[in-house]
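A structural walkthrough
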Amino acid sequence: MKKNLMKITFLLIGLLAMDSTMLFAADDEKETEVKNDADNSFPVLIINGTNRSATFTVSSDALKEEAISIVTPSGFTVSPQSIPANGKKQKVTVTLNSTLALTEGKIILKSGEKRSYIKVKGYGSALPIKDLSSTPLYQGKNEKEFSQTFNPSKNGYTIEFKMKACEAGQAFYPYFVDKEGYGVKAYFAPNEIGLFSSTRKKAIANPTTSKRAGGSGKFYDNEREFYTYRFAVTPDHRAFIYRDGMPIDTIRLADFGPQPNFANGRGEMVDNLLKNPDFEGEYEIDPGSKLASHIEGCDIVINDRWNSEQQILPQEINKELDVDNHIFQIKPYKWSGSTWSDGILEQVVDVEPNETYTLTALVKGGISKKKAVNTGKMVIQEVQASDKSATTEIVSSSWELYSMDYTTSSECKQLRIAFRVGRGGWGNDISAVQVDKVSLTGVSRTYSSKFGFEDSTAELEYFTIDESGAYAPAQPTININIE
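A brief structural summary. Treat the numbers as computed from the prediction; the structure is a model and nothing was measured.

Points about the overall build of the protein
Across its full length, the protein holds 0 helices and 38 strands. In summary, the protein has a C-alpha radius of gyration of 25 Å against a globular reference of 23 Å for 483 residues, a match within 12%. Taken along its principal axes, the extent of the C-alpha atoms in the protein is 70 × 70 × 50 Å. Looking at the protein as a whole, 52% of its 483 residues qualify as buried. Taking the intrachain contacts of the protein between residues at least 6 apart in sequence as the baseline, contacts between residues at least 24 apart amount to 70%.

Remarks on the sheet that holds strand β32 (residues 377-382)
On the basis of which strands lie adjacent, the open sheet formed by 5 strands has the order β25-β28-β35-β32-β33 and antiparallel pairing. The sheet is open, and its two edges are formed by β25 (299-300) and β33 (389-393), each paired on a single side. Note: β32 against β33, 5 bridges, orientation antiparallel. In the sheet register, Lys 377 faces β33, and the bridge partner there is Glu 393.

Some points on a nonpolar patch on the surface
Taken together, Ile 478, Ile 480 and Ile 482 make up a surface patch of nonpolar side chains, about 450 Å² in accessible area. Along the polypeptide, Ile 482 turns up in the segment after β38 (459-466). Looking at Ile 482, the relative accessible area reads 79%, which means it is exposed.

A short note on the packing of aromatic side chains
Counted according to the given criterion, the structure contains 25 aromatic pairs. Taken together, a centroid distance of 5.7 Å and an interplanar angle of 90 degrees make the contact between Phe 150 and Phe 451 edge-to-face. Of this pair, Phe 150 sits in the loop between β13 (146-149) and β14 (157-164) while Phe 451 sits in strand β37 (residues 450-454), placing them 301 residues apart in sequence. No difference in accessibility class separates Phe 150 from Phe 451, as the two residues are buried. With a centroid separation of 4.5 Å and an interplanar angle of 55 degrees, the aromatic rings of Phe 188 and Tyr 229 are classed as tilted. Separated by 41 residues along the polypeptide, Phe 188 in strand β16 (residues 183-189) and Tyr 229 in strand β19 (residues 227-233) bring together distant segments of the chain. Here the basic side chain of Arg 243 rests over the ring of Tyr 227, its NZ or CZ set 3.9 Å away from the ring centre.

Section: the environment of Pro 84
Within the secondary structure, Pro 84 sits in the loop between β8 (82-83) and β9 (90-96). A relative accessible area of 52% means that Pro 84 is categorised as exposed. Spatially, the C-alpha atom of Pro 84 lies 9.7 Å from that of Ser 111, the residues being 27 residues apart in sequence. With sequence-adjacent residues up to four places away left out, Pro 84 is seen in contact with Ser 60, Ala 67, Ile 68 and Gln 90.

Overview of the sheet that holds β13
Taking strand neighbours across the sheet as the criterion, the 6 strands line up as β13-β37-β15-β16-β17-β18 in an open arrangement whose pairing is antiparallel. Edge positions in the sheet fall to β13 and β18 (200-204), since each of these pairs with one other strand and no more. Neighbour-to-neighbour, the strand axes of this sheet turn through a mean angle of 20 degrees, independent of strand direction. Sheet analysis places strand β15 (residues 173-177) next to β16, joined by 3 bridges and oriented antiparallel. For Tyr 175, the partnering residue across the bridge sits in β16 and is Lys 185.

Quick look at the environment of Gln 259
Turning to its location among the elements, Gln 259 is positioned in the loop between β21 (246-252) and β22 (263-270). Here Gln 259 falls in the buried class, since its relative accessible area comes to 7%. For Gln 259 and Gly 183, which are 76 residues apart along the polypeptide, the C-alpha to C-alpha distance reads 8.6 Å. Apart from the residues lying within four places of it in its own chain, the contact partners of Gln 259 are Lys 185, Phe 196, Ser 198, Asp 350 and Gln 414.

Section: the pattern of salt bridges
Evaluation of the coordinates by the stated rule reveals 22 salt bridges. In this structure, Glu 459 and Lys 164 form a salt bridge, with 3.8 Å as the shortest nitrogen-oxygen distance. With Glu 459 in strand β38 and Lys 164 in strand β14, this residue pair connects regions lying 295 residues apart in the sequence. Relative accessible area serves as the criterion here: at 14%, Lys 164 is assigned to the buried category. Between Asp 278 and Lys 437 there is a salt bridge, with the nearest N and O atoms lying 3.7 Å from each other. Of this pair, Asp 278 sits in the loop between β22 and β23 (283-285) while Lys 437 sits in strand β36 (residues 433-447), and the two are 159 residues apart along the sequence. Lys 437 gets classed as partly exposed once you look at its relative accessible area, which sits at 34%.

Conventions we followed
Residues numbered from 1 in each chain as written. Predicted model: local features only at pLDDT ≥ 70, side-chain atom pairs only at ≥ 80, totals over all residues. Heavy atoms only, no water. Helix = DSSP H or I, 4+ residues; strand = E, 2+ residues; numbered from the N terminus. Rg over C-alpha atoms; globule rule 2.2 N^0.38 Å. Buried < 20%, exposed > 50% of the residue type's maximum accessible area, 1.4 Å probe, protein only. Contact = heavy atoms within 4.5 Å. Pairing = 2+ DSSP bridges. Patch = residues over 30% accessible without salt bridge, like charges linked within 9 Å, V, L, I, M, F, W, Y side chains within 5 Å. Areas by Shrake-Rupley, 256 points an atom, 1.4 Å probe, with all protein chains shown as cover. Salt bridge = Lys/Arg side-chain N within 4 Å of Asp/Glu carboxyl O. Phe/Tyr/Trp six-rings, centres within 6.5 Å; stacked < 30°, edge-to-face > 60°. Lys NZ or Arg CZ within 6 Å of the ring centre and 35° of its normal. Axes fitted to C-alpha atoms, helices over the stretch in contact; angles between N-to-C directions.

Below, the structure is given as structure tokens:
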């Protein structure tokens, strides 16, 4: 059934008063679907399909101030990013880049202190289906290690293998990384599947035996069979993971710390080595706890609200970081026992040995007024030698810019950048640590695209790659027809 298309004209609401200064509408030249949201506050632009676009027009007849800049949420791009003020019917094109089933957010049009908004929803295209089993690259040798370079296309790439690890002590460790450093190492053991975030393991739950549905979330191998696993890696740096054709997880590669052997050369001096340093990227909210469960580029070390609560929040800091700015907040649970950890948000970065790196951030909080102690900390720690580190204590209850230098040791390969708040106690009054605009300046590392496996003790039937794109396997289905 075809949905009704509407032409919406939206009046800019200024920060302090209503001004009839900037209006925009759906462009009639394309089948752009625009509709009001539930409370009729903003129009909604809908894009159906990854890499597809929609347009709207902007008029700003009475706007005499600076040019209108246009900011899109993660997963979308816009052209142009700036348009002149005091113009009529200026076309703006919005493109969906995300491969997620649903990506949504708010497009912001701003000129000086004036703002106008339009919500946008993008429905990602399904991955094309392709069989890879008939063209195995590596077959039946059962070596402990294998590595090969590859050249991923603009459409992504797909890695598939068929293996069996059912005996105690058996495991399979595949990995892949591209020339930008996006990649991951996984592990497959009897009844357990997971991914490495640098040196730490993160298990994947089986959606068919989900804990939320009362199951254990484990992968069972009662029949001691071979299973086929696939990683379909998309251009927006996601991996869709399948087991025997069934989807089991979708991950953002940026969320996982790289392996220390992924980098292979010295790079250039970079102003900021961190991913999503201003917290304007993607994040997911747990429907039960209403807390942030995943944050782009970051690792929430203990994701349990009884330990600490973490959120991405809108907060105005100054004229530049205004009402549309977002920050990260983490606070200990008020009644948590002393056996829990500090609340920690961290990111692992590849670095050069014997180089000085500078970490800066806007930070505040972590203060206990009852005990007159400061529990908030900004930490730099070497991953492979955790005893080598530097810490700056957060001592302010208002926003301040903190900075610290750290010179890596001669064996250092990676740094762990962390923000912490002291662990909770009964009736504690520790204020939340809040963070924004984080930067790590220093020498970068370079990468070459490679994939393979290491330390394998599993039985491997084949291991292969398709460099031409990200493909889904044919999924097994059970169809029911009622006569």
